[in-house]
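Descriptive structure summary
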Amino acid sequence: SNLWYLFSHSVDKAWKELSNILSGIFCASLNFIDSTNTVTPTASFKPLGLANGTGHHLLRYAVLPREVVCTENLTPWKKLLPCGSKAGLAVLLKAERLFHSSYHSQAVHIRPICRDASCLAVSWELRQTLTVVFDTFASGQGKKDWSLFKMFSRTLTDACPLASQSKVYVDISPKNKEKELLEVTPPPASVHEAVVQGDKRTYAVYDLLSPSLFNTSRSLNVQLKWMRPQDSSELPTPILHAQRYVSGYGLQTGEISTLIYNTHPYRAFPVILLETVPWYLRLYVHTLTIITKGKENKPSYIHYQPAQDRRRPHLLEMLIQLPANSVTKITIQFERALLKWTEYTPDPNHGFYVSSSVLSALVPSVIAMKDVDVEQSPLFTSLFPSSDGSSYFARLYTEPLLVNLPTPDFSMPYNVICLTCTVVAVCYGSFYNLLTRTFHVEEPSRGGLAKRLANIIRKFRGVPPL
Amino acid sequence: VVEGLALLDLGVSPYSGAVFHETPLIIYLFHFLIEYAELVFMVTDVLTAVALYLAIQDFNKVVFRKQKLLIELDKYAPDVAELIRTPMEMHYIPLKVALFYLLNPYTVMSCVAKSTCAINNTVIAFFILATIKGSAFLSAVFLALATYQSLYPLTLFAPALLYLLQRQFIPIKLKSKSFWLYTMQYAALYLCSLVVIICLSFFLLNSWDFIPSVYGFILSVPDLTPNIGLFWYFFAEMFEHFSLFFVCVFQINVFFYTIPLAIKLKEHPVFFMFVQIAVISIFKSYPTVGDVALYMAFLPVWSHLYRFLRNIFILSCVLIVCSLLFPVLWHLWIYAGSANSNFYYAITLTFNIGQILLISDYFYAFLRREYYLTHGLHLTRQDGTEAMLVLK
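Just so it is clear, the structure is predicted and the values come from calculations on it, not from any experiment. (Residues numbered from 1 in each chain as written. Chains lettered and ligands numbered in written order. Predicted model: local features only at pLDDT ≥ 70, side-chain atom pairs only at ≥ 80, totals over all residues. Heavy atoms only, no water.)

Two orientations exist for strands paired in a sheet by backbone hydrogen bonds: parallel and antiparallel. All names here are of chain A. The strand order across the open sheet built from three strands is β7-β10-β9, with neighbouring strands paired in antiparallel fashion. On the outer flanks of this sheet lie β7 (167–171) and β9 (190–196), each paired with one strand and no other. For this sheet the average axis-to-axis angle between neighbouring strands, irrespective of direction, equals 35 degrees. Here β9 runs beside strand β10 (residues 199–207); their pairing, made up of seven bridges, is antiparallel. Across the sheet, residue Ala-194 finds its bridge partner in β10, namely Arg-201. (Pairing = 2+ DSSP bridges. Helix = DSSP H or I, 4+ residues; strand = E, 2+ residues; numbered from the N terminus. Axes fitted to C-alpha atoms, helices over the stretch in contact; angles between N-to-C directions.)

Listed below in structure tokens is the structure:
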């Protein structure tokens, strides 16, 4: 889970309060956010709404890589919706189907926007997004057909009365200009075309507020059927995508490598990479190398803030130019620290998570995009923002990494204390003896069987007897 | 150091992170010398060996002179002829000391690893040379440099003071005015040079950041990377409640032996220096094998104590076996994953016990020889039979 916020004043206390309040509202473990996983990025997170142009030192960003989403997070998220999960599109959001998926992501975005064109008043816009990937191919007996009922075990019955717009968009873009490849039932009332992320897409639109939709049946179950059996067609690769992995062997050192792919055929564009590495992986910035197409690529902007033990994580932000049709490899070496035994998680051999790095870029699109009106399609402007027609903004998150740290033996605290103090006491005892005692001639005392035995042995050795 | 230089190039203070803990003078030294790093470390090792050679040569002369004086004053018992040191036996000792340092596997290892411990050793060796030659000013300057690098050579102030007092023939009585005068002079020299060096570092980097990063780091031991010392595992397994208490105890332990040793060994300040260097290198918060190499280089100076050493065979075996097992068990823990941190910790314990017993053995042998010198070699009891010597 990650959280970022641009403050207007008095940051650190407010940050703690904010993360705790949000943790309470969303039943998420956001209260684990503290200074060891919060950073202040300088370039990566620019506010999307109105801002006073305040400095970047009022921005805070934190990531908790080990937190997963579950039903308890969905329920308060649904409660924020105007109709809850009682009416409208949100009736589809039932936990047992939503979490039976390959990917699940929830987000809440809040930003100040102008209330109207003259911008005399500012109001707060709350945008909630839920992204779920259902793998119907694997669970639907090898057919890629889907329907709302199959995915959510429910259908839409009515629109939320509080909503001013309530629409369902189904992507029916034809591939390779072939029509009649797929069929959507019931037939859509209208079709919307938009250029989304550099691709021309066609959407079938179902408007829940229009009275004609529920005329024939009381419920709406959108179904999609493929006309011809699909060959294994690959999805087109996005223009910007990235991968991250850890290499190296042993528990002493390692290397984090990030691969960034630019698949645009002829345009180069810059990308901002933000990496947050926890303090117990000590990064060595002199080992940072950026290689593109076999040659070294120097970033035009580097901001590096090294970590402080138990206080602050590493922050590395770079602006890297990606040439067209290339792969850029960024590597940095690190050393693993030994932590105090109380700082390990209950399952220390599982490893420690390194949060994902964030890539922000204005990706040039192959097809020119026209400016879309905010009023007409608020979904497309907020989901796929573009400042001008030629590029769109994309923010990518790479995979989180799992890194093993050397562990001490957790069953040993008392033994270690005793043994180490014994060694110190041996030194102290020997020195004390030598410093406070003096040599004296010993007075004899004969007798004893052990002594006589020892004397016999000493006679053999040629050493004077006791 | 390379990381510190890279951070400096990026415009970030090298002390803002937790990776770099060397002093600013080292950064600036290496700013110019980083390309010739291997050569630099070889040169420092050679310089240390040369300094030790010259120091021990001078020291031998001092020892011989003192012995002659004591013989003439009839301070020695009549039958100790075999304990008296002759120039012939002392002739090759400086060479042996230099060779002991240069050929010690520990020195070679720290040179190959390019550890800045070699620079610490050089400064301490020059300090010893300056002290034995009798120059109070140079000795204070080098001691200030050594203290500036790592905090612990502060304890070497006492043996240096004792040696210089002896050289000036000032008796060490607490009521004597000349004693206090000389002490104040030496202390003033030392503190002034220390202040000058610290201010110079401030002006090099324009901030006081280096003080918590260098000295706070040495004193509070935040980084628990395994090393050959005792601290790391102790603090990794410590209960949080007691960690401040034990940090203080461990740090006091290093400085604590100075005063008792000064009282006992006030006639023999160079031996005191040897014991103090050994105590520092065993109990400092981040020891390295380079520190061990430094005090081991002095062992030939006391080769005449060989007949009084009690456990030397076992101790040398312990030290050799532990040094061989260190890399093996490290590999097993960190790379092979088939051993535990306990294996490596056990070897640290044994190695440190071996070192401690080695030093106390030499101390015992030294004191015993002193006793024999004044009381005679063949001790008899009241009834005429041969006597044994015990420590009571």
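We are not done yet, so read on.
Across the contact, 63 residues belong to chain B and 52 residues belong to chain A. Together, the buried faces of chain B and chain A total about 5,700 Å²; carbon and sulfur atoms form 70% of this surface. Viewed at the interface, chain A and chain B are joined by two salt bridges. Of the charged contacts in the structure, one is a salt bridge between Asp223(B) and Arg282(A), with a shortest N-O distance of 3.2 Å. Contributions of two or more residues to the side of chain B that touches chain A are made by α1 (2–10), α12 (231–236), α13 (243–255), α14 (258–264), α15 (269–283), α17 (312–336), α18 (341–375) and β1 (389–391) of chain B. It is α18(B) that provides the largest number of residues to the side of chain B that touches chain A, a total of 15 residues. Here the residues of the side of chain B that touches chain A sort into 46 nonpolar, nine polar and eight charged. (Contact = heavy atoms within 4.5 Å. Buried area = accessible area lost by both parts, 1.4 Å probe. Salt bridge = Lys/Arg side-chain N within 4 Å of Asp/Glu carboxyl O. Nonpolar A, V, L, I, M, F, W, Y, C, P; charged D, E, K, R; others polar.)

All names here are of chain B. Taken together, the side chains of Val-46, Val-50, Leu-54, Tyr-92, Leu-95, Leu-99, Leu-102 and Leu-103 define a hydrophobic patch exposed on the protein surface, amounting to about 710 Å² of accessible area. Within the residue set of the nonpolar patch, elements represented by two or more residues are α3 (37–72) and α5 (93–103). Top contributing element to the nonpolar patch by residue count: α5, with four residues. Within the secondary structure layout, Val-50 lies in helix α3. (Patch = residues over 30% accessible without salt bridge, like charges linked within 9 Å, V, L, I, M, F, W, Y side chains within 5 Å. Areas by Shrake-Rupley, 256 points an atom, 1.4 Å probe, with all protein chains shown as cover.)

This paragraph deals with the packing of aromatic side chains. In this structure the tally under the stated criterion is 51 aromatic pairs over all chains. Aromatic side chains Tyr169(A) and Tyr203(A) sit 6.1 Å apart centroid to centroid with 90 degrees between the ring planes, which places their arrangement in the edge-to-face category. Placement of the pair is Tyr169(A) in strand β7 and Tyr203(A) in strand β10, with a sequence separation of 34 residues. Owing to a relative accessible area of 23%, Tyr169(A) belongs among the partly exposed residues under this scheme. Given a relative accessible area of 9%, Tyr203(A) falls into the buried group. Between Arg310(B) and the ring centre of Tyr364(B), over which it is positioned, the NZ or CZ distance is 3.7 Å. (Phe/Tyr/Trp six-rings, centres within 6.5 Å; stacked < 30°, edge-to-face > 60°. Buried < 20%, exposed > 50% of the residue type's maximum accessible area, 1.4 Å probe, protein only. Lys NZ or Arg CZ within 6 Å of the ring centre and 35° of its normal.)

Next up on the list: the state of the cysteines. According to the stated counting rule, one finds one disulfide over all chains in the structure shown. The partner cysteine of Cys83(A) in its disulfide is Cys160(A), sulfur to sulfur 1.6 Å. As the torsion about the S-S bond is roughly 75 degrees, the Cys83(A)-Cys160(A) disulfide counts as right-handed. Note that Cys83(A) is positioned in the loop between α2 (71–79) and α3 (95–98) and Cys160(A) in the loop between α5 (148–152) and β7, a separation of 77 residues in sequence. Using a relative accessible area of 16% as the deciding quantity, one classes Cys83(A) as buried. A residue is classified by how much of its surface remains accessible, and Cys160(A), at 5% relative accessible area, is buried. Sulfur of Cys322(B): no disulfide; nearest cysteine sulfur belongs to Cys317(B) and is 11 Å away. (Disulfide = S-S within 2.5 Å.)

Positioned with a positive phi, Asn325(A) is a non-glycine residue whose angle comes to about 55 degrees. Secondary-structure assignment places Asn325(A) in the loop between β18 (314–322) and β19 (326–336). Asn325(A) gets classed as exposed once you look at its relative accessible area, which sits at 52%. In this model, Lys114(B) sits at a positive phi of 55 degrees, which is unusual for a non-glycine residue.

Okay, the packing of helix α6 (residues 105–112) of chain B against helix α16 (residues 289–296) of chain B next. All names here are of chain B. At their nearest, the axes of α6 and α16 sit 8 Å apart, and the two run at 140 degrees to each other. Remark: the crossing between α6 and α16 carries left-handed chirality. Contact with α6, carried on its side by Tyr-106, Thr-107 and Ser-110, involves Val-289, Gly-290, Val-292, Ala-293 and Met-296 of α16 and no other residues of that element. Residue composition of the contact of α6 with α16, grouped by class: five nonpolar, three polar and no charged. (Left-handed = near helix turned anticlockwise from the far one by under 90°.)

Time to look at the environment of Leu435(A). With respect to the element layout, Leu435(A) can be found in helix α7 (residues 413–436). For the pair Leu435(A) and Ser29(A), spaced 406 residues apart in sequence, the C-alpha to C-alpha distance is 59 Å. The contact partners of Leu435(A), leaving out residues within four places of it in the chain, are Pro260(B), Leu261(B), Lys264(B) and Phe363(B).

Looking now at helix α7 (residues 117–133) of chain B. Relative to the 24 Å expected for 17 residues at 1.5 Å per residue, α7(B) spans 24 Å between its end C-alpha atoms, a close match to the ideal helical length. Trailing α7(B) by a residue or two, Gly134(B) shows a phi angle of about 100 degrees, which is positive. (Expected span 1.5 Å × (residues − 1).)

Residue and element names in this part refer to chain B. This chain's UniProt record puts "transmembrane region" (unreviewed entry) on residues 25–56, 123–144, 150–166, 187–208, 214–235, 242–263, 308–330 and 342–364. Taken end to end, residues 150–166 comprises 59% helix and 0% strand; its first and last C-alpha atoms sit 27 Å apart. For residues 308–330, helix accounts for 83% and strand for 0%, while the C-alpha atoms at its two ends are 36 Å apart. (UniProt positions renumbered as here; feature names shortened; annotations may be inferred.)

This part is about α15(B). In a regular helix each residue adds 1.5 Å, so 15 residues correspond to 21 Å; α15(B) covers 21 Å between its end C-alpha atoms and thus fits that length. Counting buried positions along α15(B) gives 15 out of 15 residues, so the element sits mostly inside the fold.

Its location among the elements puts Ser123(A) in strand β5 (residues 122–133). Non-local contacts of Ser123(A), meaning those with residues more than four positions away in its chain, are made with Arg111(A), Pro112(A), Ile113(A) and Arg115(A).

Residues and elements named next belong to chain B. Two elements in contact, α15 and α16, have axes separated by 9 Å at closest approach and are oriented at 165 degrees. Between α15 and α16, the angle falls in the class roughly antiparallel. Seen along the crossing, α15 lies across α16 with a hand that is left-handed. Where α15 abuts α16, its residues Phe-274, Ile-277, Ala-278 and Ser-281 lie against Asp-291, Val-292, Leu-294 and Tyr-295. (Parallel < 35°, antiparallel > 145°, perpendicular 65-115°, else oblique.)

Turning to the side chain of Thr398(A), a few remarks are in order. All names here are of chain A. You can see Thr-398 is positioned in the loop between β22 (391–397) and β23 (401–403). Here Thr-398 falls in the buried class, since its relative accessible area comes to 6%. In this structure the side chain of Thr-398 is engaged in a polar contact, spanning 2.9 Å, whose partner is the side chain of Ser-357. When sequence neighbours within four positions are dropped, the list of residues in contact with Thr-398 reads Ala-242, Arg-244, Ser-356, Ser-357 and Leu-359. (Polar contact = N/O pair within 3.5 Å; in protein donor to acceptor, adjacent residues only side chain to side chain.)

This part covers the sheet that holds strand β15 (residues 281–292) of chain A. Residues and elements named next belong to chain A. Taken in spatial order, the five strands line up as β12-β13-β19-β15-β16 in an open sheet, and their pairing is antiparallel. Edge strands, defined here as strands with exactly one partner in the open sheet, are β12 (240–247) and β16 (295–296). Across eight bridges, β12 lies against strand β13 (residues 253–262) in antiparallel orientation. The partner of Tyr-245 across the bridge, within β13, is Ser-257.

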